[in-house]
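# Reading the structure
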Amino acid sequence: MTDVTGAPADVLHTLFHSDQGGHEQVVLCQDRATGLKAVIAVHSTALGPALGGTRFYPYPTEAAAVADALNLARGMSYKNAMAGLDHGGGKAVIIGDPELVKTEELLLAYGRFVASLGGRYVTACDVGTYVADMDVVARECRWTTGRSPEHGGAGDSSVLTAFGVYQGMRAAAQHLWGDPSLRDRTVGIAGVGKVGRHLVGHLLAEGARVVITDVREAAVRRIADEHPAVRVVADTEALIRFDGLDIYAPCALGGALSDTSVPVLTAKVVCGAANNQLSHPGVEKDLADRGILYAPDYVVNAGGVIQVADELRGFDFDRCKSKAAGIYDTTLGIFARAKEDGIPPAAAADRIAEQRIAGARGRG
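Analysis parameters
- Residues numbered from 1 in each chain as written.
- Predicted model: local features only at pLDDT ≥ 70, side-chain atom pairs only at ≥ 80, totals over all residues.
- Heavy atoms only, no water.
- Salt bridge = Lys/Arg side-chain N within 4 Å of Asp/Glu carboxyl O.
- Helix = DSSP H or I, 4+ residues; strand = E, 2+ residues; numbered from the N terminus.
- Buried < 20%, exposed > 50% of the residue type's maximum accessible area, 1.4 Å probe, protein only.
- Pairing = 2+ DSSP bridges.
- Contact = heavy atoms within 4.5 Å.
- Axes fitted to C-alpha atoms, helices over the stretch in contact; angles between N-to-C directions.
- Parallel < 35°, antiparallel > 145°, perpendicular 65-115°, else oblique.
- Left-handed = near helix turned anticlockwise from the far one by under 90°.
- Nonpolar A, V, L, I, M, F, W, Y, C, P; charged D, E, K, R; others polar.
- Core = buried A, V, L, I, M, F, W, Y, C linked by side-chain atoms within 4.5 Å.
- Arc of directions from axis to C-beta.

Attention now moves to the pattern of salt bridges. Per the stated rule, a full pass over the model turns up 20 salt bridges. The salt bridge partner of Asp126 is Arg55, with a shortest N-O separation of 2.6 Å. A residue pair is termed long-range when its members are at least 10 positions apart, and Asp126 in the loop between β6 (121-122) and α5 (131-137) and Arg55 in strand β4 (residues 54-57) qualify at 71 residues. Here Asp126 matches Arg55 in class, with each residue buried. Among the ionic pairs, Asp214 bridges to Arg216, the shortest N-O distance being 2.8 Å.

Quick look at the sheet that holds strand β8 (residues 209-213) now. Pairing in this open sheet of 6 strands is parallel, and the strands run β9-β8-β7-β10-β11-β12 from one edge to the other. Here the strands that pair on one side only, and so sit at the sheet edges, are β9 (231-232) and β12 (293-294). Across 2 bridges, strand β10 (residues 247-250) lies against strand β11 (residues 269-270) in parallel orientation. When the sheet's bridge partners are listed, Ile247 is paired in β11 with Val269. Across the face of the sheet, helix α7 (residues 194-206) comes into contact with β7 (186-190), β8 and β10 while running at roughly 170° to β7.

This part takes up the packing of helix α6 (residues 158-177) against helix α14 (residues 327-341). The interhelical angle for the contact between α6 and α14, taken along N-to-C directions, is 40°, at an axis separation of 8 Å. Overall, the two elements α6 and α14 adopt an arrangement that is oblique. At the point where α6 passes α14, the crossing takes the right-handed sense. Seen from α6, the contacting residues are Gly164, Gln167, Gly168, Arg170, Ala171, Ala172, Gln174 and His175; seen from α14, they are Ile327, Tyr328, Thr331, Leu332 and Phe335. The class makeup of the residues in the contact of α6 with α14 is 6 nonpolar, 6 polar and 1 charged.

Further remarks concern the nonpolar core. Soluble, globular proteins show a tendency: their nonpolar side chains are buried together. One finds Tyr110, Met169, Ile189, Leu199 and Leu203 to be the most contacted residues of the largest nonpolar core, which totals 71 residues. With 8 residues, α6 is the single largest residue contributor to this core. Once you skip the residues sitting within four places of it in the chain, Leu203 turns out to touch Tyr166, Met169, Leu182, Val187, Ile189, Ala208 and Val210. Ala190, Leu239, Leu245 and Leu265 belong to the second largest nonpolar core, which has 18 residues in total.

Let us now look at helix α8 (residues 217-226). Buried residues of α8: Ala219, Val220 and Ile223, and no others. The buried residues of α8 occupy an angular sector of 100° when the element is viewed end-on, so they sit on one face. More than 90 degrees from the buried face of α8, the exposed residues found are Glu217 and Asp225. Packing partners of the buried residues in α8 comprise α7, β8 and β9.

So, in structure tokens, the structure goes:
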């Protein structure tokens, strides 16, 4: 079923009528000369210009790309609010396999579309895009972050993303076990790419036991070569069932927590870098019913957005790291609010973020 524009009706229903909608602006971008097809979603500018990365991914359908952009943009509004940033939420997706279709010309065309929004949306890296890509985009668009230091940027934001997730784990350990130390805890990481690789380092440095999996053999081999003490399992299904797992860290794509994964999860804590880990509303209650503590993804993975936001004012790594360290206290505060209100941590985080956004709208 389609609407009068030919767009799938369920996408427009999400945008205009559902609780997952409420976006201020959605832009469909096409440049036939380069093959660019992209979606830019601006969820909110109540706190300031929308800030969020650009995902380059081979979506099965264009409707799936639009839906992902909507979900990711909404998540960025909440993430930026909880991180204490003066930014709203936005996200962009480029449709296609970056290994096959990404070109300099395509990225320049994309930059022109972002620039046409006049600063309402500030872009950065995400899955499938890298610092070098943002350097190219920035040639056409000054509202670009996540650039290389050689081009006036802060470089790889995955460093502080991993650090923030690590702080979230420490907060979960403090809340659940009364001690923030992760020494001798067993942590399973699904996805050891840009963020997961750095997270492994933080955990091993503190004396944690680490188990990993990744669909990319090269990523697994790199970790195994760098850290021979790390244990490797075949896939995510094996990881979530791993005997003695204390913490599960989804660090790949979203939807890791579902009706099929939660019932067999052995870990007592879920704290990872992936966005949109809850496959549908209600999964957070399933986790709580099983006694599994969930550290909301958009709270603990905010280190990267803290870094790229700082780039707009003149990047200072120590200032960013100090702010990212605050994820520990923010996460503890969410657990306390959840206990006080008798709700899961994900719902508590949403309430806090919504209050900040609503307060900004009220002042406006």
